[in-house]
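Coordinate analysis (summary)
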Amino acid sequence: MAAGKENDCVVGEANDVLKENRPKWDNKFQYVLSCVGLAVGLGNVWRFPKLCQTYGGGAFLIPYIIALIFEGIPILHIELAIGQRLRKGSFGVWNSISPYLGGVGIASLLISFLLCMYYNTILAWILWYLFHSVEEPLPWKNCPLNNNGTGFVEECEQSTPVDYFWYRNTLNISPEITTKGEGQLWWLVICLITAWLIVYACVIRGIETMGKAIYFIATFPYLVLVILLVQGLTLPGAIHGLTYLITPDLKVLTQPRVWLDAATQIFFSMSLGFGGLIAFSSYNSPKNDCEVDAVTVAVINSITSIFASVPIFCILGFRATTAYWDCLDSNILLISNEFEIQDGNVTRDNYFSWMNGLNVTHHDRILALTLKSCVLKDFLDQSTSGTGLAFIVFTEAIVRMPVPQVWAVLFFVMLFNLGLSSMLGNILGILTPLLDLKVFPKCVPKEIISAIICLICFSVALTFTTASGSYWLTIFDNYGSGLPLLIVAFFELIGVIYVYGFRKFCDDLEFMTGRRPNFYWQVTWRFISPLLLLSVFVAFVAIEVQSHLSYEAWDPNYVEFPKKEEKEYTGWVEFICAFLVILSSIFIPLTALYHLIRFKLRRHKQRTQNPFDNLAFQL
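Bear in mind the structure is a predicted one, so any value in this text is a computation, not a measurement. (Residues numbered from 1 in each chain as written. Predicted model: local features only at pLDDT ≥ 70, side-chain atom pairs only at ≥ 80, totals over all residues. Heavy atoms only, no water.)

**Focus: the pattern of salt bridges**
Once their charged atoms are close, side chains differing in charge can pair, the charge on each being opposite to the other. Basically, it comes down to this: Within this document, salt bridges are pairs made up of a side-chain nitrogen of Lys or Arg and a carboxyl oxygen of Asp or Glu, the two lying within 4 Å of each other. Helix and strand assignments come from DSSP, with helices taken as H or I runs of at least 4 residues and strands as E runs of at least 2, each series counted from the N terminus. Think of it in three bands: residues with accessible area under 20% of the maximum for their type are buried, residues over 50% are exposed, and the middle band is partly exposed, with areas taken using a 1.4 Å probe on protein chains only.
Per the stated rule, a full pass over the model turns up 19 salt bridges. One salt bridge connects D329 with R348, and the closest N-O pair in it is separated by 2.8 Å. Placement of D329 in helix α15 (residues 290–339) and of R348 in the loop between α15 and α16 (351–361) is noted, with a sequence separation of 19 residues between them. Given the relative accessible area of 30%, D329 is considered partly exposed. Several salt bridges converge on common partners, so that one network encompasses R205, E208, K446 and E447.

**What to know about unusual backbone geometry**
Note: most residues except glycine have negative phi, and most peptide bonds are trans. Across the junction of E136 and P137, the peptide omega takes the value -5°, indicating a cis bond. Topologically, P137 is positioned in the loop between α7 (102–132) and α8 (154–158). Cis geometry is adopted by the peptide bond preceding P562, which originates at F561 and carries an omega value of 15°. By the element assignment, P562 lies in the loop between β1 (550–553) and β2 (565–568). You will see that S271, though not glycine, has its phi angle at about 60°, which is positive. Mapped onto the fold, S271 is located in the loop between α13 (256–269) and α14 (276–281). The phi torsion at V403 lies on the positive side, around 50°, for a residue other than glycine. Structurally, V403 is set in the loop between α19 (387–399) and α20 (404–436).

**A closer look at α20**
Rules: Given the number of residues in a helix, its expected span is that number minus one, multiplied by 1.5 Å.
Between its first and last C-alpha, α20 extends 48 Å over 33 residues, near the 48 Å set by a 1.5 Å rise per residue. By the criterion of burial, α20 is predominantly enclosed, with 28 of the 33 residues buried. A positive backbone phi angle near 55° is found at K438, which sits one or two residues after α20.

**Here's the deal with the UniProt feature "binding site: Na(+) 2" (unreviewed entry) in the protein**
Stated formally: UniProt positions are given in the numbering used here, feature names are shortened, and annotations may be inferred rather than shown by experiment. In this analysis, two residues are considered to be in contact whenever any of their non-hydrogen atoms come within 4.5 Å of each other. Two N or O atoms count as a polar contact when they lie within 3.5 Å, although within protein this holds only if one can serve as hydrogen donor and the other as acceptor, and sequence-adjacent residues are included solely when both atoms are side-chain atoms.
Within this numbering scheme, the UniProt entry marks N44 as carrying the feature "binding site: Na(+) 2" (unreviewed entry). Its place among the elements puts N44 in helix α3 (residues 42–46). By relative accessible area, which is 2% here, N44 ends up buried. Look past the residues within four positions of N44 in its chain and what remains in contact with it is A39, P49, S269, N301, S305 and A308. At a separation of 2.9 Å, a polar atom in the side chain of N44 contacts the main-chain amide nitrogen of G41.

**So, the packing of helix α12 (residues 238–246) against α15**
Any two packed helices are characterised by the angle at which their axes cross and by the distance between the axes. The cut-off we apply is this: Working convention: axes come from line fits to C-alpha atoms, limited for helices to the stretch in contact. Angles between N-to-C directions cover 0 to 180 degrees. Roughly parallel refers to an angle under 35 degrees, roughly antiparallel to one over 145, roughly perpendicular to one between 65 and 115, and oblique to any angle outside these ranges. With the far helix as reference, a near helix turned anticlockwise by less than a right angle produces a left-handed crossing, and one turned clockwise produces a right-handed crossing. Here the term charged refers only to Asp, Glu, Lys and Arg, the term nonpolar to Ala, Val, Leu, Ile, Met, Phe, Trp, Tyr, Cys and Pro, and the term polar to all other amino acids, Gly among them.
Across the interface, α12 lies against α15 with an axial gap of 6 Å and an inter-helix angle of 120°. Comparing the axis directions of α12 and α15 gives the class oblique. Crossing hand, α12 versus α15: right-handed. In contact with A238, H240, G241, L242, Y244 and L245 of α12, α15 contributes S309, V310, F313, C314, G317, F318 and T321. For the contact of α12 with α15, the residue count by class is eight nonpolar, five polar and no charged.

If you want it as structure tokens, here you go:
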């Protein structure tokens, strides 16, 4: 009888949901494209290639694919399915399943909020480079003259033009995180305002405006990647970069860190736990094959990461090769002048033959020349990830290309679109729960709510436009979303499979897709994915506890400059790091505790009012 009533309630709730006047995607393609745009972001271009390069090239694909199959796809399917069935944002979904899980929705909301506060600053940096990409020559090609005009700026001479343009012209970076500097950098503030205006224009009315913009935003990066691939394959040294990328080193698979990084890369690159995917799917029709959607988005995301690595490493191979040639040419010039060898006799091809001969006959004179060590692999090892890849390594390679302005514009427009598509999804991950919760009166239009969200995020983001802003952005990136996302995803799995109910969830999937989950879904959801997430969480915590809280500072007065100086965080900065880690995830136990205390108090009040309301009296 109770079961019958429960089913009636479920059907009644479903009917209420169907009657709800909720916006919908114009078509299936628009929805899938939006999910792909949210999942495929900057990390696919500047973090995945670095992981492949670090962990044995093709060998890294083994743990990556395993993590994709047993962690990424199952969690993605759950998020798309539960959002589509309940047709609510992240908070509404988990609060509907159980009030005790309401903290999961609050955590997702706060994580998206923290991400939006700093992520658009990266887009501001990209815009700054994009505005300068049309100059001739590119401003990061040569060092600027000093104030007297008698030479180049010393900081630039000691480092490189690309380093100087990034650290001094763009960031005007301070030597340490606690340095206040001279307030906001006006050029970054202008770029930040521009970035937020673009975001606001795309999300001004939620999916109604975002759905129209996503056709260009999500597809243009693929066009640029194809163009960069064609250009990259024609560059000298491209084969060295590709060989370096795909050459497998199976020995690295014995390192636990490889498996941890593969699992976290899958997790973060697919934007799991942010609430954006749940928000997207909540605007779907209840009768939609979310299983196919989940597999499609996951496969496209992973293929994009692999595909993007090819042109990236073609260009990095070109950069390493030209740097290697410059090294040889510099040594050849020194040798020719020292031993009065006619120009053209010592070439790049016979350089090492000459060196072997001269080392035998004039060993002391060769040592006195202090020649550079020219090894191609050393230059290939210098590839990096994140902002270092985009704003230093890649810009240096672009300078060496024919018509560099064209490639600079294409590259930074691609990066901007990749970041913008992720930003739109995370803004919607904030907007949808606020609309569902009716935080604002109905008389307040979406345009105003979107503007308030963007304005709050912009106000906080001004912190990142100071001289020490890039240090703070790194802190937000490292501690604001890493560990909390793992916790959120774990409770998402537990909430759907063990609280909402596995059988009930299977019934919902049958209603939405016309078929029940197969053996793969059942095993991963109930056993493999939770255990894998728990293992990743424990390993992540163990590594973070053992690691030292420090940062790398750009300080021209450092004795080993241009090498970065490693500095320790002060006590109050460490407190902020810890605060960012617990800020969002702490709401999961606090919300559950709140509802438990509330239930106990209500129960106690009922018993006080009716002393005969107890089990013994009923018997």
